[in-house]
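A structural walkthrough
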Amino acid sequence: MAHLAGVSQPTVSRALSGSPMVSEATRKRIEAIAHQLNYKVDKAASSLRKRRSDTIALLFFEDPTADESLINPFFVAMLGSITRAAKRAGYDLLVSFQQLSDDWHKDFEDSHKADGLILLGYGDWETYRERVTQLSAQGTHFARWGSVEAAPALKRLGTTIGSDNRSGGQMAAAHLIRLGRRRIAFLGHASSHYPEFLARFEGVAAALAEAGLPPPLQADAITTEEAGSAAIHAILDSGERFDAIVAASDLIAIGAMRALEERGLAVPADVAVTGFDDIPAAASTRPPLTTVVQDTQRAGQMLVDAVRAQLEGLPAPGAMLPTRLVVRRSCGAG
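Everything numeric in this text was worked out from a predicted model, so none of it was measured.

**Some details on unusual backbone geometry**
- Each neighbour pair has its own omega, and for Val 267 with Pro 268 the value is 5°, a cis peptide bond.
- Turning to its location among the elements, Pro 268 is positioned in the loop between α11 (250-262) and β9 (272-277).
- Residue Pro 287 is bonded to the preceding Arg 286 through a cis peptide linkage, with omega at -5°.
- The residue Pro 287 is located in the loop between β9 and β10 (290-293) in this model.
- Positive phi, normally seen in glycine, also occurs at Asp 277, with a value near 130°.
- Considering the arrangement of structural elements, one finds Asp 277 in strand β9.
- A positive phi angle, near 60°, is found at Asp 278, a position not held by glycine.
- As for its placement among the helices and strands, Asp 278 is situated in the loop between β9 and β10.

Here it is in C-alpha cells:
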C-alpha cells in the first residue's frame, strides 16, 4: 500500500490511525487505496505495537440536579459531539462518571484504561485546580472544558477549551439595556471559585458601566433551578428592585422565572430574563428563554483534537470560542 501511495509505511500507519501529522490530501489518497484493497486496520494489533489502548476517557464530574442524573444538561449536548469526533479520529470513548472527592486523577494513570482524558465539569475551581496540576505533573495527556483565563500553566500538557464568557455576559446585558432595562441582577457566584461565572458577571458589569448605569445586583447561585429560585427570593426579600436578570446558566434562569411567578412578577413585563448555555429546556419554558449559546459541536471536536495532538507529540494550544445570543420572548423582544 505504501508503494501505491508513494509514501513510507509509517506515513500509511499514521494516516489510517487519523494522525494530524498527515495532510488531509495524503490521508484521503491512502484511505482510497485501502478501500480498493479492502484493507482494514487491526486495532488490537496496532494498539499492541503502539502500547496504546486507542481509547479516550471522558470524565463527567457530578453536578447537583433535580433528577438522579447528576449531570449538567449542558454537557449532555457536548457528549454527542465528543463521541462523533472520537469515532472519526479512530478512538473508542470510555465514558466515566466521577466524584471530585475521588482519586480519579490517579486511577486512569495507573490502570492504563485510556491514552488520554477529556474532563467535563469541575465544581469549585480552587479545589479542582490541584487535581489538574497533578495530572500535568504526571505527564497525563488531557484536555478540559472550562475557563481559559483561569487555566494554570500546565507545562506542555493539558489543554483548556472554553467559551468567551465575559463577552457572553456583556452581550446579554447590552441586549437588555437596548430594550430599556436599567437595573440588572446577576444570578450566579462571582468569585475565583467559579471563574466562568465570574467572567460572565464581569461582562454584565462592563455593559452597565459603558451605558452609565449602576453596577449589577448579585446573588450567589450554583447551576440548579433551586439555587436560581432561592437567589430571587433573597434579592426580593432584601427590598432591592430590578427589571432584568442575567443568569449564569439556563437552569438558574428557569428557577428564577418560577420564583418571579410565585412572587407575582411577570416575565418579561416586570422582569426580563436571560440565561446561558441554551440547554434543550430553554426553548420550552414559558415564555421561551433568551440565552447565550456556547458552541458545543466545535468544542467537542477541539477537545478530541487536543488529546490526539498531545499523543502525537504535537502542540495543542487552548482556545476560547465565541458565543452568540439567541433571542426569545423572556427578554421582552419581539
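**A closer look at the sheet that holds strand β3 (residues 116-120)**
- If you trace the six strands from one edge of the open sheet to the other, you get β2-β1-β3-β4-β5-β11, paired in parallel fashion. The sheet is open, and its two borders are formed by β2 (92-98) and β11 (319-321), each paired with just one other strand. On average, adjacent strands in this sheet sit at an angle of 20° to one another, irrespective of strand direction.
- Where helix α7 (residues 125-138) meets the sheet, its contacts fall on β1 (55-61), β3 and β4 (142-145), and the angle it forms with β4 comes to roughly 160°.

So, how was this worked out
- Residues numbered from 1 in each chain as written.
- Predicted model: local features only at pLDDT ≥ 70, side-chain atom pairs only at ≥ 80, totals over all residues.
- Heavy atoms only, no water.
- Helix = DSSP H or I, 4+ residues; strand = E, 2+ residues; numbered from the N terminus.
- Pairing = 2+ DSSP bridges.
- Axes fitted to C-alpha atoms, helices over the stretch in contact; angles between N-to-C directions.
- Contact = heavy atoms within 4.5 Å.

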